[in-house]
Amino acid sequence: MTNKECSDKGGRKGRDKVVLAYSGGLDTSVAIRWIQEEYDLDVIAVSIDVGQPPSQDDIIARALRNGALKAELIDAKDEFINEYAWAVLKSNAMYQGVYPLSTAVARPLMVKKLVEVANREGAKYIAHGCTGKGNDQVRFDVGIVSLNPDLKIIAPMRDHPTTREQEIEYAREKGIEIIVKKESPYSRDENLWGSSCECGALEDPWAEPPAGVWQNTADPEKAPETPEYVEIEFEKGVPVALNGKKMKGVELVEALDKIAGRNGVGRIDHVEDRLIGIKSRETYECPAAVTLITAHRSLEGLTLPRDTIEFKRTLEQKMCQIIYDGLWFDTLRGAVMAFIDKTQETVCGTVRMKLYKGSCTVVGRKSDNSLYDVGLSTYAEGDTFDHRSAVGFIYCWGLPGRTSAGVRRKNSKK
Ligand code: ARG
């Protein structure tokens, strides 16, 4: 599929337009007709490619056959990795310590694209297929009004929840072309930065995820018996080469995803707190994201001073929350990101990772900006540290404690 495939059928005079976030799946295919009929709007179907698995057919042509006034495919893969996934990486952002925000961070980019199309086309509405129970509705709605407060939102799955069977029946009645995939018990979302899975057997948090849950990673028990090593080179906090080969972001993530995935790295099983207050059991597969964040954090350990690392941790936490909670377009995100970007200036160098049966471990790191000084740290020959200087430092460092102890002792004798 090419960038920005587009077709235009003119439209009915005087009819308002809606830009529909369209995936080609059952919900949004049915939504094209449903929105036309219920709201009397012309539908512009926009599909944003952030690396989700492609459909077996041409979803743009099908949207037009199903009655869309226009249908457009936007290739946003480079922008997704360079502007959004790298923000997660530089922030070492892992929601609740485990989830590298793969779905969450794609949403603001989708919002941006949808609003751009709406502005260009003079559409008054944006529609999406989110339900009323998840985080994504919040990310879409809040993002959209933060970019253009005049836009109104239509969410058919939230306003009129329907079952899969009802949708298939509606499609049959109206002659809507749909691709009916084999029914899956799971709800999935996937892009270049990772995939998520919920529902079905996963709704029992005690039940081990059945094998069918995992799609992009090898079972660690069956992964190769010999470890695989990768070297990742970073410049200013972002990866630029893999095993010595310079690569663009998308290419690097795709390549690393395969390598880490075949070693069973990046499986996550999590009971997650959604923004709207519901706890939900989800699994994720994020081989490249997990490997990159582990490597990146380690390179920061080599190249950043202790205070910077510690202070950055609090802002990483903030950044993670901002992205998860759908506040990408807030002033605070730009301000926090400016700090994080500043810290990345010296985060350059190479990290060596060992991938083995589900684990990824840092086994080496080097950098021209390394703050590690072997003369200072060695216990062997070549020690440059003046051991006696520690005495004065310790005297001052311990002074408040010494003073307090003296006062306590004086008072306890009274
Ligand atoms: N719980 C994750 C999040 O909120 C994943 C959501 C997946 N979304 C979906 N529509 N299946 O970021």
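Scroll up for the structure.
What you see is a predicted model; the values in this text were computed from it and never measured.

The rules we used
- Residues numbered from 1 in each chain as written.
- Predicted model: local features only at pLDDT ≥ 70, side-chain atom pairs only at ≥ 80, totals over all residues.
- Heavy atoms only, no water.
- 1 Å grid on protein atoms, 1.4 Å probe; cavity = no way out; pocket = protein on both sides within 12 Å on 5 of 7 lines; lining within 4 Å.
- Points joined across faces, edges and corners; volume = space filled by probe spheres on them.
- Helix = DSSP H or I, 4+ residues; strand = E, 2+ residues; numbered from the N terminus.
- Nonpolar A, V, L, I, M, F, W, Y, C, P; charged D, E, K, R; others polar.
- Near = heavy atom within 4 Å.
- Polar contact = N/O pair within 3.5 Å; in protein donor to acceptor, adjacent residues only side chain to side chain.
- Areas by Shrake-Rupley, 256 points an atom, 1.4 Å probe, with all protein chains shown as cover.
- Axes fitted to C-alpha atoms, helices over the stretch in contact; angles between N-to-C directions.
- Left-handed = near helix turned anticlockwise from the far one by under 90°.
- Contact = heavy atoms within 4.5 Å.

Enquirer: Could you give an account of the layout of surface pockets, with specific residues and numbers?
Expert: Approximately 190 Å³ is the volume found for the second largest pocket. Where the lining of the second largest pocket is concerned, the elements lending two or more residues are helix H1 (26-39), helix H6 (156-159) and helix H7 (164-174). Taken together, the residues of the lining of the second largest pocket sort by class into 6 nonpolar, 5 polar and 2 charged.

Enquirer: Describe in detail the site of the ligand, supporting the description with residues and values.
Expert: In the neighbourhood of the ligand, 15 residues make up the surrounding shell, with Tyr99, Asn135, Asp136, Glu272 and Glu282 lying closest. Taking Asp136, its side chain carries an N or O atom lying 2.9 Å from a nitrogen atom of the ligand. Side-chain polar atom of Glu282 to a nitrogen atom of the ligand: 2.8 Å apart, as the coordinates give it. Starting from 350 Å² of accessible surface for the ligand in isolation, the protein chains cover 86%. Going through the elements one at a time, helix H4 (102-121), helix H5 (136-147), strand E7 (187-191), strand E8 (194-198) and strand E13 (279-285) are the ones with two or more residues in the shell around the ligand. The greatest single-element share of the shell around the ligand, amounting to 3 residues, is contributed by H4.

Enquirer: Outline empty space enclosed by the protein, listing residues and values.
Expert: Tallied over the entire structure, the rule returns 1 cavity of 30 Å³ or more. By volume, the largest cavity amounts to about 40 Å³. What lines the largest cavity is Pro108, Val111, Arg139, Gly143, Gly326, Leu327, Trp328 and Phe329. Of all elements in the fold, only H4 and H5 reach the threshold of two or more residues within the lining of the largest cavity.

Enquirer: Could you give an account of the packing of helix H10 (residues 306-324) against helix H11 (residues 331-343), naming the residues involved and the relevant values?
Expert: Contact geometry for H10 and H11: axes closest at 10 Å, N-to-C directions at 145°. Here the hand of the crossing between H10 and H11 comes out left-handed. Counted together, Thr308, Phe311, Lys312, Leu315, Lys318, Met319 and Ile322 of H10 and Leu332, Arg333, Val336, Met337, Phe339, Ile340 and Thr343 of H11 form the full contact between these two elements. Considered class by class, the residues forming the contact of H10 with H11 number 9 nonpolar, 2 polar and 3 charged.

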